[in-house]
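Each chain, written out:
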Amino acid sequence: MSLPTSSRVLSGMRPTGQLHLGHLHGVLKNWLTLQYEYRCFFFAADWHALTTDYENTSAIPQNVWDMIIDWLSVGIHPGEATIFIQSRVPEHAELHLLLSMSTPLSWLERVPTYKDQQQKLKDRDLATYGFLGYPLLQSADILIYRAGLVPVGEDQVAHIEITREIARRFNYIYGREADFEERAKEAKRKMGKKNAKLYKELRKRYQEQGDDEALSTAQVLVNNQQNLTLGDKKRLLGYLEGDTRTILPEPDALLTKVSKMPGLDGQKMSKSYGNTIALRDTMPTVETKVRTMPTDPARVRRTDPGDPEKCPVWQFHQIYSNEEVCQWVQEGCRTAGIGCLECKQPVIEGIQAELKPIQERALRYTEEPDTVRSLISEGCERARAAARETMEEVRQAMGLIYR
Ligand code: TRP
Ligand code: SF4
């Protein structure tokens, strides 16, 4: 027996090249736990990289391999999780296309990241069809595996929300039973014309636009009908939420806790801020980066006391240091008993100890590219088999079967 698809977890990452500590503590640690609890699909979203970088694609393949090597090196296990590359599963594109037929433009235009990113990346022309379709492609990524849960950060919640709406609309349009209208009409007739009309409108508003208020209003309407039998009420309540076959189930976001891992300057760790420690930074680089980290600006001289709360190094201690060391920092900083370089030493050692085994594995994978390629080929095949199953049903539901 195969597991229900609702126990599937799917997540993707755009290939930005070698990953950093922010990815490790913010995303990958979470994936590591999930891979033992669910049937996980993790993929490199190379097509999504194209939505903003279509002019220069030369770095994409290397970025994909670097990212995948980092996943493997931190312990994402190809025997536990299905690891693959989006463009190697062309079914994603087919579903994207089919969904594009019924997706209202306004849904895409109102996704907050659409305008935000256009503002942020002003140097690029993002008035493209592909960029507008970013969230739809992401929806296809998710729906094609009928994943129940999608681990994402806060910034991606709007994308999961639109995925739910797209799935609901698809099911509404293509998942109706043949005798649906008949059965619905019969039960509705007993409500009287006016109520039946209202019921129909509310149901439509809920199913087509995801209007939750319309749903609860309709539920009250049905429950208040004096002349309906309990059976009829039940039937009408059922029709409200569906009586459509669920071809593409609605996923839930699995919110990843905000990472405690800040960048070297205390801002969010991000390549674009130049404040990262890469998983494959050499040991001396790690040392230099931490030694040159800014500290509490109040500590101009060694004898000036400081406040760890105003220092990004303290945030690193909270991740890498035990109770005792944290105590030492608190006291030493506030009394000027320790110097900043002294304070940074345990952080340097903590990061180096964490990265050492990761880098050893990364080195092995880099030296054996064929191994990595074959692991990923297997992953792509497994993903493809699952994607094909869904597409069979999607084509069937849409009447696109030619046999
Ligand atoms: N948009 C996601 C990001 O930028 C990447 C992504 C693409 C994704 N498809 C997905 C994440 C499907 C989760 C599920 O991080
Ligand atoms: Fe930051 Fe440590 Fe220096 Fe205090 S002693 S300012 S916590 S680096």
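Here is what the cut-offs are and how they apply
In this convention, every chain numbers its residues from 1, walking through the sequence in written order. Working convention: letters from A go to chains and numbers from 1 go to ligands, in the order in which they are written. For this predicted model, a pLDDT threshold of at least 70 governs which residues receive local features, and a threshold of 80 or more governs which side-chain atom pairs are given and counted, while totals over whole chains, interfaces and linings are taken from all residues. Note: side-chain values were computed over all heavy atoms of the structure, leaving out hydrogens and water. Any residue with at least one heavy atom within 4 Å of a molecule or strand is counted as near it. Each helix is a run of DSSP H or I of at least 4 residues and each strand a run of E of at least 2, with the numbering of both proceeding from the N terminus. Polar contacts here mean pairs of N or O atoms no more than 3.5 Å apart (in protein, one a potential hydrogen donor and the other a potential acceptor; neighbouring residues in sequence count only if both atoms are side-chain atoms). Here the accessible surface of atoms and residues is derived via Shrake-Rupley with a 1.4 Å probe, and residues count as covered only by protein chains that are part of the display. When residues are sorted by character, Ala, Val, Leu, Ile, Met, Phe, Trp, Tyr, Cys and Pro go into the nonpolar class, Asp, Glu, Lys and Arg into the charged class, and all the rest, Gly among them, into the polar class. Domain extents, as shown, originate in an automatic or database domain assignment. Here a residue-residue contact requires only that any non-hydrogen atoms of the pair lie within 4.5 Å. For any pair of parts, buried area is found by adding up, for both, the accessible area (1.4 Å probe) each one loses once the two are put together. Take a side-chain nitrogen of Lys or Arg and a carboxyl oxygen of Asp or Glu: if they are within 4 Å of each other, that pair is a salt bridge. Surface patches are defined over residues having more than 30% relative accessible area and no salt bridge, joining like charges when they lie within 9 Å and nonpolar side chains (Val, Leu, Ile, Met, Phe, Trp, Tyr) when within 5 Å. The charge count treats Lys and Arg as positive and Asp and Glu as negative. His and the chain ends do not count. Charge positions are represented by NZ for Lys, CZ for Arg, CG for Asp and CD for Glu. Buried residues are those whose accessible area, probed at 1.4 Å on protein chains only, stays under 20% of the maximum for their type, while exposed residues exceed 50% and partly exposed ones sit between those limits. Here, strands pair whenever DSSP counts at least two bridges between them. Orient the strands so they point away from the viewer, and a crossover whose first-strand-to-second-strand path over the helix runs clockwise is right-handed. To estimate how far a helix should extend, the number of its residues minus one is multiplied by 1.5 Å. The directions considered for the arc run from the helix axis to the C-beta atoms.

Description of the site of ligand 2
Around ligand 2, the surrounding shell consists of Thr 295, Asp 296, Arg 299, Cys 311, Val 313, Val 329, Cys 333, Cys 340 and Cys 343. Elements supplying a minimum of two residues to the shell around ligand 2: α16 (323–334) and α17 (340–367).

Some details on the site of ligand 1
Around ligand 1, a shell composed of 14 residues is seen, among which Arg 14, Tyr 134, Gln 138, Asp 141 and Gln 156 lie nearest. Here Gln 156 contributes a side-chain N or O atom positioned 3.0 Å from a nitrogen atom of ligand 1. Isolated, ligand 1 exposes 360 Å² of accessible area, and the fraction of that covered by the protein chains is 92%. Only β1 (8–13), α8 (134–143) and β4 (149–152) provide two or more residues apiece to the shell around ligand 1. Of the residues forming the shell around ligand 1, the biggest block, four residues, is contributed by α8. Classifying every residue of the shell around ligand 1 by side-chain character gives seven nonpolar, five polar and two charged.

Thoughts on the domain arrangement of the protein
By domain assignment, the protein separates into domain 1 (8–175 + 253–259 + 369–397), domain 2 (180–241) and domain 3 (280–366). Of note, the centres of domain 1 and domain 2, computed from C-alpha atoms alone, are 37 Å apart. Across the contact, four residues belong to domain 1 and six residues belong to domain 2. Between domain 1 and domain 2 lies a buried interface of about 530 Å² when both sides are counted; carbon and sulfur atoms form 51% of it. By the criterion of area lost to domain 2, the three top residues of domain 1 are Arg 168, Arg 169 and Tyr 172, representing 83% of everything that side buries. Connecting domain 1 to domain 2 are zero salt bridges. In this assembly, domain 1 and domain 2 are joined by zero residue pairs in polar contact (both at pLDDT 80 or more). Considering every element that reaches the side of domain 1 that touches domain 2, the biggest residue donor is helix α9 (residues 157–174), with three residues. Broken down by class, the residue content of the side of domain 1 that touches domain 2 amounts to two nonpolar, no polar and two charged.

With respect to a positive patch on the surface
Together, Lys 185, Arg 189, Lys 200 and Lys 204 make up a positively charged patch on the protein surface. Elements that contribute at least two residues to the positive patch include exactly α10 (180–189) and α11 (193–209). On the accessibility criterion, Arg 189 (59% relative accessible area) is exposed.

Focus: the pairing of β1
Burial of β1 is extensive: five of the six residues sit out of reach of the surface. Bridge count for β1 against strand β2 (residues 39–44) is six bridges, and the pairing is parallel. The residue bridging Val 9 from the neighbouring strand is Cys 40, located in β2. In this fold, β1 hands off to helix α1 (residues 21–37), which returns the chain to β2; that crossover is right-handed.

What about the environment of His 23?
Mapped onto the elements, His 23 comes out in helix α1. In this structure the C-alpha to C-alpha distance between His 23 and Ser 270, which are 247 residues apart in sequence, comes to 9.1 Å. In this structure His 23 touches Met 13, Thr 16 and Leu 28, once residues within four positions along its chain are discounted.

A look at helix α4 (residues 91–102)
Between the first and last C-alpha of α4 there are 18 Å, a value that for twelve residues agrees with the 16 Å anticipated at 1.5 Å per step. Buried within α4 are the following residues: Glu 91, His 92, Leu 95, Leu 98, Leu 99 and Ser 102. When α4 is viewed along its axis, its buried side chains cluster within an angular range of 135° and face the same direction. If you follow the buried residues of α4, they end up packed against α2 (46–53), β3 (81–85), α8, α9 and α18 (369–398).

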